[in-house]
Amino acid sequence: ITTPTSPTSGLTGLAVGANVFEWSISNGTCPASTDQVTINVDADPTAAAAGPDQTQCETTTTATLAANTPGSGTGMWTVIAGGGTVTTPTSPTSGVTGLTVGVNTFEWTITNGTCTPSTDQVTITLDAAPTASAAGADQTVCETPGTATLAGNAPATGTGTWSLISGTGTITTPTSPTSGLTGLAVGANVFEWSI
């Protein structure tokens, strides 16, 4: 109590929990008049840690959050950006459903009484599924000159790469769906278009 005789004294060093103070007014030999006041001090909330960012393919529109469990206070998830539904908003390890392609941001907030809340955010990025690959029709060419042109589809989503699976041949531009081929061997030469 910084000024014990002041009715509006300041207080310092309050402890977490209930702190009870008594105000006593006395006058000569008369019995003192007293009254008590309780000042409850809330503990600071645990520092929020929303967990590591995640990236996954849109073929899985669910995820599991990984925040810390509050030692002091209670936690609550909220959607900040993107989409998704937090199935159990008060659980630090709640599931999330209905994620949308792109960045989905969730905030873990730990509150305790009158204290300033502690917050942290996590992003779950959903990559769009790649375009279905189509390598084109099989081809038959003459041994001389031993060249051909591939006919894969151009990806609308993702990037494509040609690979030699069996046989012989050099892919002149591996990332082009219509790359040229040289050095083909007699027999079957198998190439794969991966997006």
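Notes on the structure follow. (Residues numbered from 1 in each chain as written. Predicted model: local features only at pLDDT ≥ 70, side-chain atom pairs only at ≥ 80, totals over all residues. Heavy atoms only, no water.)

1. What to know about the overall build of the protein chain
Assigned secondary structure in the protein chain consists of 0 helices and 14 strands. Dimensions of the protein chain along its principal axes, counting C-alpha atoms only, are 125 × 30 × 20 Å. Considering only residue pairs separated by 6 or more positions, the protein chain has 51% of its internal contacts joining residues 24 or more positions apart. Surface accessibility of the protein chain: about 11400 Å² in total, with carbon and sulfur atoms responsible for 53%. (Helix = DSSP H or I, 4+ residues; strand = E, 2+ residues; numbered from the N terminus. Contact = heavy atoms within 4.5 Å. Areas by Shrake-Rupley, 256 points an atom, 1.4 Å probe, with all protein chains shown as cover.)

2. Section: the sheet that holds strand β4 (residues 63-64)
Spatially, β4-β7-β6 is the arrangement adopted by the 3 strands of the open sheet, whose pairing is antiparallel. Only two strands of the sheet have a single partner each, and these edge strands are β4 and β6 (85-86). Here β4 pairs with strand β7 (residues 95-97) via 2 bridges, running antiparallel. By the bridge assignment, T64 is partnered in β7 with G95. (Pairing = 2+ DSSP bridges.)

3. Considering the nonpolar core
Core analysis: the largest hydrophobic core is formed by 15 residues, its most contacted members being L65, W77, L99, F106 and W108. Those elements that place two or more of their residues in this core are β8 (102-111) and β9 (118-127). Not counting residues up to four positions away in its chain, the partners in contact with L99 are Q56, T61, T62, A63, G83, G84, N104, F106, I124 and L126. (Core = buried A, V, L, I, M, F, W, Y, C linked by side-chain atoms within 4.5 Å. Buried < 20%, exposed > 50% of the residue type's maximum accessible area, 1.4 Å probe, protein only.)

4. Here we look at the sheet that holds strand β3 (residues 54-57)
Pairing is mixed in the open sheet, where 4 strands are placed in the order β3-β9-β8-β5. Here the strands that pair on one side only, and so sit at the sheet edges, are β3 and β5 (74-81). Neighbour-to-neighbour, the strand axes of this sheet turn through a mean angle of 25°, independent of strand direction. Inspection of the sheet shows β8 paired to β9 by 9 bridges, in the antiparallel sense. Across the sheet, F106 pairs through a bridge with V122, a residue of β9. (Axes fitted to C-alpha atoms, helices over the stretch in contact; angles between N-to-C directions.)

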